[in-house]
Amino acid sequence: QADNLSDALKKLKITAVDSTADSLEGCLDCLLQALAQNNTETSEKIQKSGILPVFASLLTPQSSCPAKVANIIAEVAKNEFMRNSCVDAGLIPPLVQLLNCKDQEVLLQTGRALGNICYDSHTLQSQLINMGVIPTLVKLLGIHCQNAALTEMCLVAFGNLAELESSKEQFAYTNIAEEIVKLFKKQIEHDKKEMIFEVLAPLAENDIIKLQLVEAGLVECLLEIVQKTVDSDKEDDIAELKTASDLMVLLLLGDESMQKLFEGGKGSVFQRVLSWIPSNNHQLQLAGALAIANFARNDGNCIHMVDNGIVQKLMDLLDRHVEDGNVTVQHAALSALRNLAIPVVNKSKMLSAGVAEAVLKFLRSEMPPVQFKLLGTLRMLIDAQAEAAEQLGKNVKLVERLVEWCEAKDHAGVMGESNRLLSALIRHSKSKDVIRTIVQSGGIKHLATMATSEHVIMQNEALVALALIAALELVTAEKDLENAKLVQILHRLLSDERSAPEIKYNSMVLICALMASEPLHKEMQSLAFLEVVSKLRSHENKTVAQQASLTEQRLAVES
């Protein structure tokens with residue numbers, strides 16, 4: 001065998017230049033046989049023989065056996081150590097050219113060879129994309145959709161290439177959506193569907209392709225799968241149901257594809273998704289709630305859905321998951337309610353429907369994703385809703401939990417949302433009772449820290465809440481404001497050139513309110529606030545400059 005292989009390699013070098021097709025084919029058969037018996041060892045010998053560059057000249061449509069040459073390359077490229085040698089031998093360009101050939105066997109082996117050479121290498125895959133293989137492969141899929149092996153080769157290639165961001169743009173300019181949906185409709189076997197799903201998931205991350213897939217009828221296919229598998233307890237069916245419903249949710253992440261499926265709330269797809277929420281299947285409940293959260297991405301859709309009773313469906317769903325604690329469903333339903341609460345006209349309707357009470361049932365949750373969405377939902381609901389803000393702000397259990405979560409340093413999102421809700425309760429209620437509850441629960445120090453946040457919006461919210469505290473309940477909060485080193489924080493904010501104009505303005509408004517406190521006023525004098533504020537009279541922002549003049553006068557009079 002070893003002698004035969006050595007002979008074949010020697011002959012190949014000669015016959016590649018000048019020989020009959022028969023003797024060339026004999027040499028190639030000998031190599032394929034050796035590779036079948038011991039791939040690694042044979043590949044090493046091929047590498048050492050220096051024959052690889054010779055293959056490049058044999059990879060032409062005019063050559064007598066390009067399929068066998070491509071097959072040999074596909075086999076040797078199964079070994080990682082051979083892939084660079086194949087690249088160095090210049091095999092990629094002639095292989096790419098062969099993809100334009102009409103012979104199905106040549107196409108199959110060429111696809112295998114390119115796939116194996118470029119396996120797990122984003123650099124080489126990018127090179128293929130730049131050489132234009134995507135439109136060629138999409139065309140091949142359309143022409144040879146009856147050839148199972150070729151179809152599979154195309155799908156594997158798409159699956160690998162679609163992971164690269166640069167491929168999505170090229171795919172978007174082909175009719176991949178149409179071809180792949182056409183192919184999907186013909187599939188009966190689970191494995192084949194799964195292979196197509198693996199291509200669809202990365203492709204559907206692109207908004208243009210999302211819309212193309214919707215227009216090609218993918219959604220109807222997915223809904224059919226859901227209908228067929230929803231009551232099955234077979235492992236394959238459960239997996240298929242999950243993949244189909246997840247993909248459905250992904251398609252709704254694109255603004256145009258989502259709006260097309262919403263159809264003013266009259267769309268059959270939207271109606272079908274609504275029916276998933278009361279389902280007994282957790283996966284469908286989850287997908288249904290996530291789909292509603294995605295549909296609720298503009299005011300028009302949100303208002304229509306609230307007016308048509310979606311809130312009660314989501315509250316019923318949450319009710320079913322208070323005890324069993326299915327975190328993903330809780331998170332999805334809260335996400336949907338949060339989005340629905342954004343339009344001003346929906347807030348009072350949702351509060352009247354009892355959404356705040358439904359959400360508060362999850363206050364004892366220890367799961368950060370649920371805590372985060374719960375906080376966001378309440379914050380959206382009380383925006384400009386004084387009565388609701390006061391009611392929630394006097395809820396000692398809620399405020400104590402917020403203060404606890406303000407210290408959740410491992411979960412920045414929960415910590416940030418807790419601070420923002422604390423501030424919102426004060427800003428929207430303007431209630432002394434709420435301020436007293438927050439002071440008694442130890443919330444002042446967190447609002448003072450929030451004023452130093454890296455996010456201007458959070459700094460502003462904290463400063464406005466602190467100004468209300470100082471204006472309405474300074475005596476109650478005085479000690480806590482002192483302990484929180486608020487005066488020092490304000491000094492830093494005013495001295496820092498990087499502070500936004502609105503931060504400087506709100507800091508001075510707060511200073512004026514704090515002057516009514518003797519200990520805080522003394523602290524201001526010791527830190528030479530007058531000097532810092534005087535400099536701001538020449539600030540480029542007129543509002544800041546005017547407030548600086550007013551604050552300077554107050555400081556001068558008081559001192």
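An unreviewed UniProt entry annotates the protein chain as Rap1 GTPase-GDP dissociation stimulator 1 of Pelodiscus sinensis.

Student: Tell me about the overall build of the protein chain, and name the residues and values.
Tutor: Within the protein chain, the secondary structure is distributed over 38 helices and 0 strands. Against the globule reference of 24 Å for 559 residues, the protein chain gives a C-alpha radius of gyration of 34 Å, more extended than a compact globule. Its C-alpha atoms give the protein chain principal-axis dimensions of about 110 × 55 × 40 Å. In the protein chain, which comprises 559 residues, the share counted as buried stands at 56%. Looking at the protein chain alone, contacts between residues at least 24 apart form 71% of all its contacts between residues at least 6 apart.

Student: Quick one: what's the story with the pattern of salt bridges, residue by residue and with numbers?
Tutor: Applying the stated rule across the entire model yields 28 salt bridges. Across the salt bridge formed by Glu41 and Lys45, the nearest N and O atoms sit 3.7 Å from each other. Residue Glu41 and its partner Lys45 are located together in helix H3 (residues 39–49), separated by 4 residues, close to a single helical turn. Taking relative accessible area as the criterion, Glu41 reaches 40% and is therefore assigned partly exposed. Residue Lys45 is classed as partly exposed on the basis of its relative accessible area, which comes to 32%. A salt bridge links Lys349 to Asp307; its shortest N-O distance comes to 2.9 Å. Of this pair, Lys349 sits in helix H24 (residues 344–352) while Asp307 is found in helix H21 (residues 299–307), placing the two residues 42 residues apart along the sequence. Judged by relative accessible area, Lys349 falls into the partly exposed class, the value being 38%. With a relative accessible area of 47%, Asp307 lands in the partly exposed category. Through salt bridges with shared partners, a single network forms among Glu25, Asp29 and Lys68.

Student: Break down the side chain of Ser423 for me, citing the residues and quoting the values.
Tutor: Summarising the element assignment, Ser423 is placed in helix H29 (residues 412–429). Looking at Ser423, the relative accessible area reads 0%, which means it is buried. A polar contact of 2.9 Å, which involves the side chain of Ser423, links it to the backbone oxygen of Glu461. Leaving out residues up to four positions away in the same chain, Ser423 has contacts with Leu447, Met450, Glu461, Ala462 and Ala465.

Student: Describe helix H20 (residues 282–295), with residues and values.
Tutor: Over its 14 residues, H20 runs 20 Å from end to end, which matches the ideal 20 Å to within 8%, given 1.5 Å per residue. Of the positions making up H20, those classed as buried are Gln283, Leu284, Gln285, Leu286, Ala287, Gly288, Ala289, Ala291, Ile292, Ala293, Asn294 and Phe295. Taking the backbone nitrogen of Gln283 as reference, a side-chain oxygen 2.9 Å away marks Asn281 as the first, capping residue of H20.

Student: I'd love a proper account of the UniProt feature "repeat: ARM" (unreviewed entry) in the protein chain, names of residues and values included.
Tutor: The UniProt entry lists residues 90–117 and 309–355 under the feature "repeat: ARM" (unreviewed entry), expressed in the numbering used here. Taken end to end, residues 90–117 is 75% helix and 0% strand, and its two terminal C-alpha atoms sit 12 Å from one another. Measuring from the first to the last C-alpha atom of residues 309–355 gives 13 Å, for a span that is 74% helix and 0% strand.

Student: Lay out the nonpolar core in plain terms, naming residues and giving numbers.
Tutor: If you look at the biggest cluster of nonpolar residues, it comprises 202 residues, and the most contacted ones within it are Phe55 and Ile292. At 9 residues, the largest contribution of residues to this core is made by helix H32 (residues 456–472). Aside from chain neighbours lying at most four places away, what touches Ile292 is Phe270, Val273, Leu274, Ile277, Met305, Ile310, Leu314, Ala336 and Leu340.

Student: So what about H29? Which residues, and what values?
Tutor: Along its 18 residues, H29 runs 26 Å from first to last C-alpha, staying within 8% of the 26 Å computed at 1.5 Å per residue. Buried residues dominate H29, accounting for 15 of its 18 residues.

Student: For a negative patch on the surface, give the residues involved together with the corresponding values.
Tutor: Judged by side-chain charge, Glu189, Asp191, Glu194, Glu198, Glu235 and Asp236 come together as a negatively charged surface patch. Elements represented by at least two residues in the negative patch include exactly helix H14 (190–203) and helix H17 (235–251). Take the negative patch: its biggest share by element is 3 residues, from H14. Here Asp191 is to be found in helix H14.

Student: Account for the environment of Val355, with residues named and values stated.
Tutor: The topology assignment puts Val355 in helix H25 (residues 355–360). The buried category is assigned to Val355, whose relative accessible area is 0%. Counting along the chain gives 21 residues from Val355 to Leu334, while the straight-line C-alpha distance between them is 10.0 Å. Every residue in contact with Val355, bar those within four places of it in the chain, is listed here: Val311, Met315, Leu337, Met350 and Leu381.

Student: A description of the packing of helix H28 (residues 396–405) against H29 should follow, citing residues and the corresponding values.
Tutor: Remark: H28 packs on H29, axes separated minimally by 8 Å, with the N-to-C direction vectors making an angle of 140 degrees. For the element pair H28 / H29, the angle class is oblique. Judged by the twist between their axes, the crossing of H28 over H29 is left-handed. Contact residues: Val399, Leu402, Val403 and Trp405 in H28; Val414, Met415, Ser418, Leu421, Leu422 and Leu425 in H29. Tallied by class, the residues present in the contact of H28 with H29 amount to 9 nonpolar, 1 polar and no charged.

Student: Give a detailed account of the packing of aromatic side chains, specifying residues and quantitative values.
Tutor: The tally for this structure, following the rule as stated, stands at 5 aromatic pairs. Seen in terms of ring centroids, Phe270 and Phe295 are 5.1 Å apart; in terms of plane orientation they differ by 90 degrees. Their pairing is edge-to-face. Note that Phe270 is positioned in helix H19 (residues 268–276) and Phe295 in helix H20, a separation of 25 residues in sequence. Residues Phe270 and Phe295 agree in their burial class; the two are buried. Taken together, the ring pairs connect Phe262, Phe270 and Phe295 into an aromatic cluster.

Student: Any details on unusual backbone geometry? Residues and values, ideally.
Tutor: Even without being a glycine, Ala384 presents a positive backbone phi close to 65 degrees. Assignment of secondary structure puts Ala384 in the loop between helix H26 (368–382) and helix H27 (386–393). For Ala384, a relative accessible area of 59% translates into the label exposed. Its identity as a non-glycine residue notwithstanding, Lys485 has a phi of 55 degrees, on the positive side. Topologically, Lys485 is positioned in the loop between helix H33 (474–483) and helix H34 (486–495).

Scoring rules and cut-offs
- Residues numbered from 1 in each chain as written.
- Predicted model: local features only at pLDDT ≥ 70, side-chain atom pairs only at ≥ 80, totals over all residues.
- Heavy atoms only, no water.
- Helix = DSSP H or I, 4+ residues; strand = E, 2+ residues; numbered from the N terminus.
- Rg over C-alpha atoms; globule rule 2.2 N^0.38 Å.
- Buried < 20%, exposed > 50% of the residue type's maximum accessible area, 1.4 Å probe, protein only.
- Contact = heavy atoms within 4.5 Å.
- Salt bridge = Lys/Arg side-chain N within 4 Å of Asp/Glu carboxyl O.
- Polar contact = N/O pair within 3.5 Å; in protein donor to acceptor, adjacent residues only side chain to side chain.
- Expected span 1.5 Å × (residues − 1).
- UniProt positions renumbered as here; feature names shortened; annotations may be inferred.
- Core = buried A, V, L, I, M, F, W, Y, C linked by side-chain atoms within 4.5 Å.
- Patch = residues over 30% accessible without salt bridge, like charges linked within 9 Å, V, L, I, M, F, W, Y side chains within 5 Å.
- Areas by Shrake-Rupley, 256 points an atom, 1.4 Å probe, with all protein chains shown as cover.
- Lys, Arg positive; Asp, Glu negative; His and termini not counted.
- Charge placed at Lys NZ, Arg CZ, Asp CG, Glu CD.
- Axes fitted to C-alpha atoms, helices over the stretch in contact; angles between N-to-C directions.
- Parallel < 35°, antiparallel > 145°, perpendicular 65-115°, else oblique.
- Left-handed = near helix turned anticlockwise from the far one by under 90°.
- Nonpolar A, V, L, I, M, F, W, Y, C, P; charged D, E, K, R; others polar.
- Phe/Tyr/Trp six-rings, centres within 6.5 Å; stacked < 30°, edge-to-face > 60°.

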